[in-house]
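Residues per chain are reported as follows:
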Amino acid sequence: MTVRKILIAGNWKMNWGPGSVAEVDLVRRGADDLSGVELSIHPPAVFACKVAERLAGSAVRLGGQDCHWEPSGARTGDVSAGMWAEVGAAFVIVGHSERRADHGESNAVVAAKAASVQAVGLTPIVCVGETLAERQDGRTLEVIGRQLDESVPDSILNQPLVLAYEPVWAIGSGLTPTPQQIIDVHASMRAALAGRAADLGPGVRLLYGGSVKPSNAAELLALPEVNGALVGGASLKAADFLAIAAAAPM
Ligand code: PEP
């Protein structure tokens, strides 16, 4: 049987304030009681070293929110996967819907980024998800299937990988899909992976993301084929982030 340790990843997005270091310290301390769950914090890139310092020696992982697909060079404003590796990150999120929307990132770009993350020995967290219009048109599974095919080619499936299903309309909105809607998407993702690489796909963790909070975490994390959560807003407060992690079935 494949054992997939639950991963709770905190995407801090473009948020940082005077209390942020203290929140990192609180997560670090709280994680001692949560050894059955893996935790990661994804701060804005400029604060990565500071967070890495605070997490040194703890089980809480550092993660990036994005990277360029090239290893170095004339790419103003970007950071490479190798740079994330150098500051001690374990994961890099790629293909978040905010990157896809704000920066016009295509599935091909997302695949190139994921490959660059794996090339330096880190694990990409590749995000997929439908818009509200796509869901209302009954196209959710088709959209997710295409994103998976094109953002996660077989070469990427061969190496450490996490996938996150994040309905665009659930991110930051307080809305979540029904349990059955999440079950349907995660089952279709698992089936798609199994169809492509029966011996490799089973190890891939499938996260759910979109308005996960302490009050809904237990229900969401107990759903079949939900192997963790990608958490935005609720990851900024250590107490909420830890409460979500504590709600995971262990
Ligand atoms: C996200 O942006 O990855 C996310 C899930 O955000 P939120 O939890 O705030 O909906």
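See the structure shown above.
Position labels on residues start from 1 in each chain and follow its written sequence. pLDDT decides what is reported in this predicted model: residues at 70 or higher carry local features, side-chain atom pairs at 80 or more are listed and counted, and totals for whole chains, interfaces and linings draw on all residues regardless. Working from all heavy atoms in the structure, the side-chain values ignore hydrogens and water.

Engineer: I keep staring at the site of the ligand and nothing clicks. Help me out?
Structural biologist: What makes a residue near a molecule or strand is one non-hydrogen atom of that residue sitting within 4 Å of it. Near the ligand you find 14 residues, and of these K13, H96, E166, G172 and S211 are the closest. Distance and chemistry together define a polar contact, namely a pair of N or O atoms within 3.5 Å, with one atom able to donate a hydrogen and the other to accept it when in protein, and with adjacent residues in sequence counting only for side-chain atoms on both sides. Between the ligand and H96, the relevant distance is 2.7 Å, taken from an oxygen atom to a side-chain nitrogen or oxygen of the residue. One of the side-chain nitrogen or oxygen atoms of E166 is found 2.7 Å away from an oxygen atom of the ligand. Here the Shrake-Rupley method, with its probe set to 1.4 Å, supplies the accessible areas, and only the displayed protein chains count as covering residues. Here the ligand, which alone exposes 290 Å², has 95% of that area covered by the protein. Here the shell around the ligand is built from residues that sort into 4 nonpolar, 8 polar and 2 charged. Residue polarity follows a fixed list, in which Ala, Val, Leu, Ile, Met, Phe, Trp, Tyr, Cys and Pro are nonpolar, Asp, Glu, Lys and Arg are charged, and the others, Gly among them, are polar.

Engineer: Teacher, can you tell me more about the packing of aromatic side chains here?
Structural biologist: The description of an aromatic ring pair rests on the distance of the ring centres and on the angle between the ring planes. The aromatic pairing rule takes the rings of Phe, Tyr and Trp, using the six-membered ring of Trp, and pairs them if the centres are within 6.5 Å, calling planes under 30 degrees apart stacked, those over 60 edge-to-face and the rest tilted. This model, assessed by the stated rule, comprises 3 aromatic pairs. With a centroid separation of 5.9 Å and an interplanar angle of 45°, the aromatic rings of W12 and W16 are classed as tilted. Centre to centre, the rings of W16 and F47 are 4.2 Å apart; their planes meet at 5°, and the pair counts as stacked. Here F47 lies in the loop between β2 (37-42) and α2 (48-55) and W16 lies in the loop between β1 (6-11) and α1 (20-31), a separation of 31 residues in the sequence. Since its relative accessible area comes to 26%, W16 is described here as partly exposed. The partly exposed category is assigned to F47, whose relative accessible area is 25%. In textbook terms, an aromatic cluster arises when at least three aromatic residues are bridged by ring pairs, as seen for W12, W16 and F47. Runs of E in the DSSP output that reach at least two residues are strands. Runs of H or I that reach at least four are helices, and both are numbered from the N terminus. To sort residues, take the accessible area from a 1.4 Å probe on protein chains only and compare it with the maximum for the residue type: under 20% means buried, over 50% means exposed, and anything in between is partly exposed.

Engineer: What am I meant to see in α1 here?
Structural biologist: For an α-helix, 3.6 residues make a turn, and residues three or four places apart therefore share a direction. One less than the residue count of a helix, multiplied by 1.5 Å, gives the span that helix is expected to have. Its 12 residues give α1 an end-to-end C-alpha distance of 17 Å, which sits within 8% of 16 Å, the value for a rise of 1.5 Å per residue. Of the positions making up α1, those classed as buried are S20, V21, E23, V24, D25, V27, G30 and A31. Lining the buried residues of α1 we find β2, α2 and α11 (238-246). Contacts: residue pairs with any heavy atoms within 4.5 Å of one another.

Engineer: Looking at this structure, how should I read the sheet that holds β1?
Structural biologist: Whenever strands of a sheet pair, they do so through backbone hydrogen bonds, lying parallel or antiparallel. Strand pairing is assigned whenever DSSP detects at least two bridges linking the two strands. With respect to topology, 8 strands assemble into a closed barrel ordered β1-β2-β3-β4-β5-β6-β7-β8, the strand pairing being parallel. Ignoring strand direction, the axes of neighbouring strands in this sheet form an average angle of 25°. In this sheet, strand β5 (residues 123-128) lies alongside strand β4 (residues 89-94) in parallel orientation, the contact comprising 4 bridges. Paired with F91 across the two strands is T123, which belongs to β5. Each axis is a line fitted through C-alpha atoms, taken for helices only over the stretch in contact, and angles between the N-to-C directions span 0 to 180 degrees. Strand contacts of α11: β1, β2 and β8 (228-231), with the helix running at about 150° to β2, the strand carrying the most contacts.

Engineer: I'm lost on the nonpolar core in this one. Help?
Structural biologist: If you look at soluble globular proteins, the nonpolar side chains tend to sit buried side by side. What we call a nonpolar core is a set of buried Ala, Val, Leu, Ile, Met, Phe, Trp, Tyr and Cys residues that are connected through their side-chain atoms within 4.5 Å. Core analysis: the largest hydrophobic core is formed by 62 residues, its most contacted members being I8, L39, L163 and M189. Examining the composition of this core, we find that 5 residues originate from one element, α11, more than from any other. Among residues more than four places away in sequence, those in contact with M189 are V128, I144, L148, L163, Y165 and L206. Grouped together as the second largest cluster of nonpolar side chains are 11 residues, L7, F91, I125 and A164 included.

Engineer: What is the right way to look at the pattern of salt bridges in this model?
Structural biologist: Pairing is possible between side chains that carry opposite charge, provided their charged atoms lie close to one another. Whenever a carboxyl oxygen of Asp or Glu lies within 4 Å of a side-chain nitrogen of Lys or Arg, that contact is scored as a salt bridge. The final tally for this structure, using the stated rule, is 16 salt bridges. Between R54 and D25 there is a salt bridge; the shortest N-O distance is 2.7 Å. One end of the pair, R54, is in helix α2; the other, D25, is in helix α1, with 29 residues separating them in the sequence. The exposure class of D25 is buried, given its relative accessible area of 18%. Between E105 and R99 there is a salt bridge whose closest N-O contact spans 3.1 Å.

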